[in-house]
Amino acid sequence: MLRAGNVGLPNVGKSTLFNAVVANAQAQAANFPFCTIEPNVGIVSVPDERLDVLAKISGSAAILPARIEFVDIAGLVKGASKGEGLGNQFLANIREVDAIVHVVRCFVNDDIIHVAGSVDPMRDIEIINLELIYSDIAQLERRLERARKDAKTKKEAVLEVEAIEALLEKMNDGISARSITLTDEQYESIKHLGLLTQKPIIYAANVSEEDLSKGNEWVDQLKVLAAKEGAQVVVVSAQVESELVELPEDDRQEFLESLGAKEGGLKSLIRATYDLLGLQTYFTTGPMETRAWTIQKGTLAPQAAGVIHSDLEKGFIRAKTISFVDFVETGSLNIAKEKGKLRSEGKDYVVQEGDVMEFLHNL
C-alpha cells in the first residue's frame, strides 16, 4: 500500500482534513502550532462507483474498494531544514511517503491563528518548498563527497555524480528536483536518496465553506503556479468535510448541493492522489465479493495476479478478461463470452484500467 503525506505550515487545516479523510481517525486538530508531533496514519478507501455496479450484477455479498494510506505530518515552519520547530524530525516523516499533499490555507478566519500573522498562500508555498529544497541540497552535498570517491572504482557512481551535480546547479537557484530534467539512467542513480522535492505533489487548496463551489482569487493563483510545476490542484474545505462526517450518509449530498457543490473535495483529493502515484484498478467480481485491486500502470497480467496471491503469479496460465464497460453492457460473463467480449489474455498482456479479470493457474 502506497502512502501520501499531508504537508504544510501549522494551522492550515492538515489535521482537520486528515480526520475527515479517514472519517474515524483520531488525529488531534487544535488552534496552536505543532499540535501534531507524531505523524497520524489512516487508511482510506478510493471512491469508485463502478464497484456498486459490478456488485449488483454479480449479486456480491461484500464490496472491497482499493485503499491508500494517508499520513498527517506536523506543520513545517521557516528554518525547518535547520531544525526549527522540530523540523528535522518532520522532514524525515515526509521522506517516508510516496507522494505529498501540500495543504494550502486559502481562507480568512481571525479565530484561527496563522503562524506568519497573515494569509498569503503564495508565500506559504514558497516557505515550504524552500525548506524541502534546502533539506535536499544538504543531503545531496553530503552524498556527493561519497559518490565522487566511489566513482574512482565504480562505473555506476559516475552517473550518480553527474546527476547530483546537475541537481545542485539548479536547486541552488530554488528549483525543485521534480522540475529538473535528468536522463533515465541519472534518475535511477539517485532514486535511492528519496529526495523530498522529487516526490509527486498535489496542492490541496483549503477554502471556506462559501468558496467551495467557486473557489477564490488565491485558488486561481495557486492553479497558475501548479501548472508551471506540472502539479494538480484540488479545492477542498476542511470545515465542510468535518461537518459532512457528522451527517448521516443520506443527508450529505443535500448539504453539498445547498453549498452549490456536486461532491466534497475529499473524493477528488483521494482520486487525484491515486492517479498521482501512477496507480490503476482492476476488478474481480462474483457472489462472494466484488473487489478493486491496485496495481501500477503498465503491470502485466501475471504480476497483477500476484497482487492477489504470489502463487497466482507463479502458476499463471492465462486471464479471462473483459472491460468494465463491456461487462456492464452484456450483464454477465456468459453473455459476454457469446458476444466475443470475454478475452483470453496471456503473460504479455498489459492490464488496462477497469479490467474485470479471472485468473487461471496450475496450482
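Residues numbered from 1 in each chain as written. Predicted model: local features only at pLDDT ≥ 70, side-chain atom pairs only at ≥ 80, totals over all residues. Heavy atoms only, no water.

## Considerations on the confidence of the model for the protein
For clarity, the threshold we go by: Every residue carries a pLDDT, the predictor's confidence in it, which falls somewhere between 0 and 100. Should any heavy atoms of two residues lie within 4.5 Å, those residues are counted as being in contact.
With 90% of its residues at a pLDDT of 70 or more, the protein has an overall mean of 85. Confidence drops under a pLDDT of 50 for residues 24-37, and excluding neighbours within four residues, the segment shows 40 contacts in the predicted structure.

## Here we look at the nonpolar core
Put simply, the test is: Working definition of a nonpolar core: buried Ala, Val, Leu, Ile, Met, Phe, Trp, Tyr and Cys residues. They are joined through side-chain atoms within 4.5 Å. Per-residue accessibility, obtained with a 1.4 Å probe over protein chains only, is compared with the maximum for each type, and a residue is labelled buried under 20%, exposed over 50%, and partly exposed between these values.
In this structure, Leu17, Val21, Phe70, Ile94, Tyr203 and Leu269 are the most contacted members of the largest nonpolar core, which totals 59 residues. The next biggest cluster of nonpolar side chains, apart from the first, holds 17 residues, and it includes Leu144, Ala163, Leu167 and Leu195.

## Focus on the pairing of strand 5 (residues 99-105)
To keep it simple, the criterion reads: Secondary structure counts use DSSP, requiring at least four H or I residues in a row for a helix and at least two E residues in a row for a strand, with both numbered from the N terminus. For two strands to pair, DSSP has to find at least two bridges joining them.
Among the seven residues that make up strand 5, seven are buried, leaving the element largely enclosed by the rest of the structure. Burial along strand 5 is two-sided: Ala99, Val101, Val103 and Arg105 and Ile100, His102 and Val104, pointing in opposite directions, are all buried. Of the strand pairs in this sheet, strand 1 (residues 3-7) and strand 5 are connected by four bridges, and their pairing is parallel. Bridge pairing links Gly5 to Ile100 in strand 5. Note: strand 5 against strand 6 (residues 201-206), six bridges, orientation parallel. From the neighbouring strand, Val104 faces strand 6, where its bridge partner is Ala205.

## Observations concerning unusual backbone geometry
With a phi angle near 60°, Asn11 is a residue other than glycine that sits in the positive phi range. Residue placement: Asn11 occurs in the loop between strand 1 and helix 1 (14-22). A relative accessible area of 12% places Asn11 in the buried class.

## A word on the environment of Ala261
Looking at where Ala261 falls in the secondary structure, it is placed in the loop between helix 9 (249-258) and helix 10 (265-276). When the C-alpha atoms of Ala261 and Leu212 are compared, they prove to be 6.9 Å apart, with 49 residues separating the residues in sequence. If we ignore the near neighbours within four places in the chain, the residues touching Ala261 are Leu212, Ser213, Gln253 and Leu256.

## Description of helix 2 (residues 50-58)
Here is the rule: Taken from the helix axis, the directions to the C-beta atoms give the arc we talk about.
Those residues of helix 2 lying buried are Leu51, Leu54 and Ala55. The buried side chains of helix 2 occupy one side of the element, clustering within an arc of 100° when seen end-on.

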